[in-house]
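Inside the fold
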Amino acid sequence: PSPRAGTLLRLDARAVGEAVVLLGGGRSRPEDRIDPSVGISQIPPAGKTVRENDPLCEIHAPDEQHWAVARDLLLERGLIFA
């Protein structure tokens, strides 16, 4: 959920990619296993205005701990608000 009302200015694709890797949906090393059941979807487009607690995206995580890490990364660096 959105921590506050605002407008999504931009999306940091690198941070989103890092979040997907942390979830297990990408590789840091060639031997890493990829979990096709994880990822991030439903990200709103830049310019979208959201209210506090509106959903910002859907995080498909293997467990609560991975979900929280991905959420924090996205809120800190991935989704840039005004």
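The structure under discussion appears in the preceding block.
In this report, we go over the structure that sits alongside the text. Note that the structure is a prediction, hence the values are computed from the model and not measured. (Residues numbered from 1 in each chain as written. Predicted model: local features only at pLDDT ≥ 70, side-chain atom pairs only at ≥ 80, totals over all residues. Heavy atoms only, no water.)

**A word on the overall build of the protein chain**
If you tally the helices and strands in the protein chain, you get two helices and five strands. The helix and strand sequence of the protein chain, counted from the amino end, reads β-α-β-β-β-α-β. The C-alpha atoms of the protein chain give a radius of gyration of 13 Å, which matches the 12 Å a tight globule of 82 residues would have. Across its three principal axes, the protein chain shows a C-alpha extent of roughly 40 × 20 × 20 Å. Within the protein chain, buried positions represent 32% of all 82 residues. In the protein chain, the share of contacts with a sequence separation of at least 24, taken over all contacts with a separation of at least 6, comes to 64%. Total accessible area on the protein chain stands at roughly 5300 Å², and carbon and sulfur atoms take up 51% of it. (Helix = DSSP H or I, 4+ residues; strand = E, 2+ residues; numbered from the N terminus. Rg over C-alpha atoms; globule rule 2.2 N^0.38 Å. Buried < 20%, exposed > 50% of the residue type's maximum accessible area, 1.4 Å probe, protein only. Contact = heavy atoms within 4.5 Å. Areas by Shrake-Rupley, 256 points an atom, 1.4 Å probe, with all protein chains shown as cover.)

**With respect to the pattern of salt bridges**
Scanning the entire structure with this criterion turns up five salt bridges. Here D54 ties to R51 by a salt bridge, and the two come within 3.5 Å at their closest N and O atoms. Close ionic contact of R71 with D72 constitutes a salt bridge, the shortest N to O distance being 2.9 Å. The exposure class assigned to D72 is partly exposed, which follows from its relative accessible area of 31%. (Salt bridge = Lys/Arg side-chain N within 4 Å of Asp/Glu carboxyl O.)

**As for the pairing of strand β1 (residues 6-11)**
Inspection of the sheet shows β1 paired to strand β3 (residues 49-50) by two bridges, in the antiparallel sense. Residue G6 lies in a different strand from β3, and its bridge partner there is V50. Here β1 pairs with strand β5 (residues 79-81) via three bridges, running antiparallel. When the bridges of β5 are listed, L11 appears paired with L79. (Pairing = 2+ DSSP bridges.)

Such coordinate-based values are descriptive only and should not be taken to indicate function.
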